[in-house]
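Tertiary structure, described
So you can see what is in the structure, the chains are spelled out below.
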Amino acid sequence: MTAPGSATAPDRADERLLRTSPLRRLLGRPELGSVVGAVAVFLFFAVVADSFLRMSSLGTVLYAASTIGIMAAPVALLMIGGEFDLSAGVMVTSSALVSSMFSYQMTANVWVGVFVSLLVTLAFGAFNGFMLTRTKLPSFIITLGTYLMLIGLNLGLTKLISGTVSTKGIGDMEGFASARKLFASYLTIGGVELKVTILWWIGLVALATWILLRTRFGNWIFAVGGEADAARAVGVPVVRTKIGLYLGVAFAAWVSGQHLLFSYDVVQSGEGVGNELIYIIAAVIGGCLITGGYGSAIGSAVGAIIFGMTSKGIVYAEWNPDWFKFFLGAMLLLATLLNAWVRKRAEATT
Amino acid sequence: MGAVLAAVLGASLAGCSSTGGKRAEERAAREAAEGRSAVTTPRWTFAMVTHSGDGDTFWDIVQEGAEEAARKDNINFLYSHNDEGQQQAELVQTAIDKKVDGLIVSLAKPDSMKAVVAKAVKAGIPVVTVNSGSAESAEFGALTHIGQDESIAGEAVGDELDARGRKKALCILHEQGNVGHEQRCAGAKKTFDGTMQNLYVDGTNMPDVQASIEAKLDSDKSIDAVVTLGAPFAAAAVKAKKTSGSDAEIDTFDLNASVAAGLSDRTLGFAVDQQPFLQGYEAVDLLWLHRYNQNVLGGGRPVLTGPQIITADDADELAEYTKRGTR
């Protein structure tokens, strides 16, 4: 399909050196399909739900998307690296529980608890990564184990320490107000309430994209996800890369957990179960391959937006909630199919 | 398509049953309500957001009551639910975005709901709390709370167990993190003279519930009473009792058709009913009264719908209503 003028020496042309048009480069992006899907979902709800287009509703949708997106970004990176993390949803709750209970029981400044929680949560991530690389068991098994252990720890330790299933309130403790500013405040722009999680989300997606596309670590992620043995053969530190990816998920779990804690001031020990699937779904809709080696962080953000729009749009459209999960599933399936179709078309034209 | 439908209908009519089934149910529903609104007020929109999980019998009855009242009061009634605190708060936020005329929420996880309920009140939406959250309702700015006080309900259970001469009881919690459930078991423990242990089970996995209770009954033969916190779990407890050969009495919170039957044939000891139908019905009706007439029932204090202790003597009378799905 190259123009006759550009093919001066066809026998020596290397396809990697070919100049591609911006349009064609755009079509080759992994998140393109999901962007088309997101636009379709947006238009759909704009038509069927009259309160969907209100500015305040968009704030709510963005908030819902951000709480998923914060986790979906590192989960996408992990998936590009060829691994899963089933403990990601519960780890969010664990992280919130640790900072809350440590601050309360030690009567420490809340920030101390927040810092301790960061260390503990990163330790969970390191545990996942270490166990995975050491035992060579599939990440499904390793993180399923962590997932169950964390559920048990959350309930068991909370009951043991606080005597109830939720933590004690820490809203009146020193440092709470400033920590709330960082993790759970909101700003009002033109009557729309925008939660600070949206900023965290944008920041994390930007960071993940930079790591993936502009750093050596990013190349390693693609390499270990594509073919770990080949990557090792060319000198990619596979163990370090995978542990790093799990640490990334743990860091995001810490951010989400602190948001949970500082927006509600107490934490319920039983929450978070099932959310890990939502993060994975967001990453997959965003163009990450389940088999690894392909995907993008921006795609995970688009996936989170689709999820946020669908879950809230159904409510704005006043549909019977008994069908909620069905609609959600159908929407996600359609978005993913559209995504796959666009990608196939894009690959066919390049 | 139409022909197929007609054929199926014809076949089912030819071999129809004279007892039970859908037609009996429809007749009962027709007789129970005419289905027309009784007022001429504008069609207001009320939203109800609960902490129910998917497919929960109890909340089905609450919804039934709310819809009954909504029909009568000419209300556009919206229902949504999520058992995770943060998600429930987000659903309330969507109701605020929709600018509904009234809001009904359950406060099983009050701390998650505090901020968003305050927001609704600030936006001028009257709020009524139902089921759980009697302690927080007024503090959060709700007009009224309709439900049973969980501690009082628990205490009633403790007293009833004493009256039945029980010594060692098991309290089965099927929803981890539900403060109301903790209060029930704590209340029962308080007034019960014997010893009482809590047992957590996964309420969304019935075989697991049964197996957990079975294991507990197997390991401790001195347990002579099992209290479940929801009607469907009583049936699982009865099965667990049978397989483990224990002779513990099974008692339960809440009522449904199978509990009513169990009470009648005495496989169950007693049930503590908090009348969920009433909770939904009253919540919608009170919001309507407030919109129409600025009425507030109970002067802002919780309006109690329970506990009502039901034994074999009352069960037969109620069986008809439990079958209809309104008790």
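Definitions and limits used
- Every chain's residues receive numbers from 1 upward, in the order its sequence appears when written.
- Starting at A for chains and at 1 for ligands, labels are handed out in the order in which the entities are written.
- Where totals are concerned, whole chains, interfaces and linings use all residues; where local detail is concerned, this predicted model gives features only for residues with pLDDT of at least 70, and gives and counts side-chain atom pairs only at 80 or more.
- Side-chain measures here rest on the full set of heavy atoms in the structure, leaving out hydrogens and waters.
- Axis angles are defined between N-to-C directions and span 0 to 180 degrees, where every axis is a line fitted to C-alpha atoms and, for a helix, only to the segment in contact.
- Note on conventions: DSSP H or I runs of at least 4 residues are helices, E runs of at least 2 residues are strands, and numbering of each starts at the N terminus.
- For any helix crossing, the convention is left-handed if the near helix is rotated counterclockwise from the far helix by under a right angle, and right-handed if that rotation is clockwise.
- Should any heavy atoms of two residues lie within 4.5 Å, those residues are considered in contact.
- For this classification, the nonpolar set comprises Ala, Val, Leu, Ile, Met, Phe, Trp, Tyr, Cys and Pro, the charged set comprises Asp, Glu, Lys and Arg, and every other residue, Gly included, is treated as polar.
- Take the accessible area each of two parts loses on contact, using a 1.4 Å probe, and add the two losses: that sum is the buried area.
- Criterion for a salt bridge: a side-chain nitrogen of Lys or Arg within 4 Å of a carboxyl oxygen of Asp or Glu.
- Two N or O atoms count as a polar contact when they lie within 3.5 Å, although within protein this holds only if one can serve as hydrogen donor and the other as acceptor, and sequence-adjacent residues are included solely when both atoms are side-chain atoms.
- For two strands to count as paired, DSSP must find a minimum of two bridges between them.
- Any pair of cysteine sulfurs within 2.5 Å is marked as a disulfide.
- The domain boundaries here were taken from an automatic or database domain assignment.
- When the centres of two rings from Phe, Tyr and Trp lie within 6.5 Å, Trp using its six-membered ring, the rings pair. Their planes under 30 degrees apart give stacked, over 60 give edge-to-face, and anything left gives tilted.
- The buried label applies to any residue whose accessible area, calculated with a 1.4 Å probe on protein chains only, is under 20% of its type's maximum; exposed applies above 50%, and partly exposed to all values in between.
- Either the NZ atom of lysine or the CZ atom of arginine qualifies as a charge over a ring when it sits within 6 Å of the ring centre and within 35 degrees of the ring normal.

Considering the packing of helix H12 (residues 275–285) of chain A against helix H13 (residues 297–316) of chain A
Residues and elements named next belong to chain A.
- Between H12 and H13, whose axes approach to 7 Å, the crossing angle comes to 115°. The handedness of the crossing between H12 and H13 comes out as right-handed. Facing H12, whose interface residues are Ile278, Ile281, Ala282, Ala283 and Ile285, H13 presents Gly299, Ser300, Gly303, Ala304, Ile306 and Phe307.
- Taken together, the residues of the contact of H12 with H13 break down into 8 nonpolar, 3 polar and no charged.

Digging into the environment of tyrosine 292 of chain B
- One can find tyrosine 292 of chain B in helix H11 (residues 276–293).
- What tyrosine 292 of chain B contacts, discounting residues up to four positions off in sequence, is Thr41 and Trp44 of chain B.

Quick word on the interface of chain B and chain A
- Listed per partner, the contact involves 30 residues of chain B and 30 residues of chain A.
- Carbon and sulfur atoms supply 48% of the area that chain B and chain A bury against each other, a total of about 2600 Å² over both sides.
- One can count 5 salt bridges joining chain B with chain A.
- Seen at the junction of chain B and chain A, the total is 14 residue pairs in polar contact (both at pLDDT 80 or more).
- Among the elements of the structure, strand S2 (75–81), helix H4 (85–97), helix H5 (110–122), helix H7 (179–191) and strand S7 (195–200) of chain B are those that each provide at least two residues to the side of chain B that touches chain A.
- Of all the elements, H4 of chain B adds the most residues to the side of chain B that touches chain A, at 9 residues.

With respect to the sheet that holds strand S6 (residues 168–173) of chain B
Residue and element names in this part refer to chain B.
- The 6 strands are arranged S7-S6-S8-S9-S10-S12 in an open sheet whose pairing can be described as mixed. This sheet does not close on itself; its edge strands, each paired only once, are S7 and strand S12 (308–310). For this sheet the average axis-to-axis angle between neighbouring strands, irrespective of direction, equals 20°.
- Relative to strand S9 (residues 249–253), strand S8 (residues 225–228) runs parallel, the two sharing 4 bridges. Residue pairing for S9: valine 226 is matched across the bridge by isoleucine 250.

Description of the state of the cysteines
All names here are of chain B.
- What the rule picks out here adds up to 1 disulfide over all chains.
- Note that cysteine 171 is cross-linked by a disulfide to cysteine 185, the S-S spacing being 2.0 Å. Between cysteine 171 and cysteine 185, the S-S torsion sits near -80°, and that sign places the bridge as left-handed. Linking cysteine 171 in strand S6 with cysteine 185 in helix H7, this pair joins segments that are 14 residues apart in sequence.

Let's talk about the domain arrangement of chain B
Residues and elements named next belong to chain B.
- Each assigned domain of chain B is listed with its residue range as follows: domain 1 (45–148 + 275–296) and domain 2 (150–273).
- Relative placement of domain 1 and domain 2: their C-alpha centres are 28 Å apart.
- Across the contact, 11 residues belong to domain 1 and 12 residues belong to domain 2.
- Taken together, the two surfaces of domain 1 and domain 2 that pack against each other cover about 960 Å², and 43% of this comes from carbon and sulfur.
- Among the residues domain 1 hides against domain 2, the three largest losses belong to Thr57, Gln148 and Gln275. Together they make up 44% of the total.
- At the junction of domain 1 and domain 2, the tally comes to 0 salt bridges.
- Counting across the domain 1 and domain 2 interface gives 2 residue pairs in polar contact (both at pLDDT 80 or more).

Focus: the packing of aromatic side chains
Residues and elements named next belong to chain A.
- This model, assessed by the stated rule, comprises 15 aromatic pairs over all chains.
- Ring geometry for phenylalanine 45 and tryptophan 319: centres 6.0 Å apart, planes at 45°, overall tilted. Residue phenylalanine 45 is located in helix H2 (residues 32–48), and its partner tryptophan 319 is located in the loop between H13 and helix H14 (324–349); the two are separated by 274 residues in the primary sequence.
- Owing to a relative accessible area of 0%, phenylalanine 45 belongs among the buried residues under this scheme.
- Centre to centre, the rings of phenylalanine 251 and tryptophan 254 are 5.6 Å apart; their planes meet at 40°, and the pair counts as tilted. Of this pair, phenylalanine 251 and tryptophan 254 are both found in helix H11 (residues 238–264), 3 residues apart, which corresponds to roughly one turn of the helix.
- On the basis of relative accessibility, which here comes to 30%, the residue phenylalanine 251 falls in the partly exposed class.
- One aromatic cluster is present, built from ring pairs that chain together Phe42, Phe44, Phe45, Phe52, Tyr316 and Trp319.
- In this structure, lysine 195 is placed above the aromatic ring of tyrosine 63, and the distance from its NZ or CZ to the ring centre is 4.2 Å.

Focus: the pairing of strand S5 (residues 144–147) of chain B
Residues and elements named next belong to chain B.
- The two faces of S5 match: Thr144 and Ile146 on one face and His145 and Gly147 on the other face are all buried.
- Relative to S5, strand S4 (residues 127–130) runs parallel, the two being bridged by 3 bridges. Residue pairing for S5: valine 128 is matched across the bridge by threonine 144.
- Judged from the 2 bridges that link them, S5 and strand S11 (residues 303–304) form a sheet pairing that is parallel. Of the residues in S11, the one forming a bridge with glycine 147 is leucine 304.

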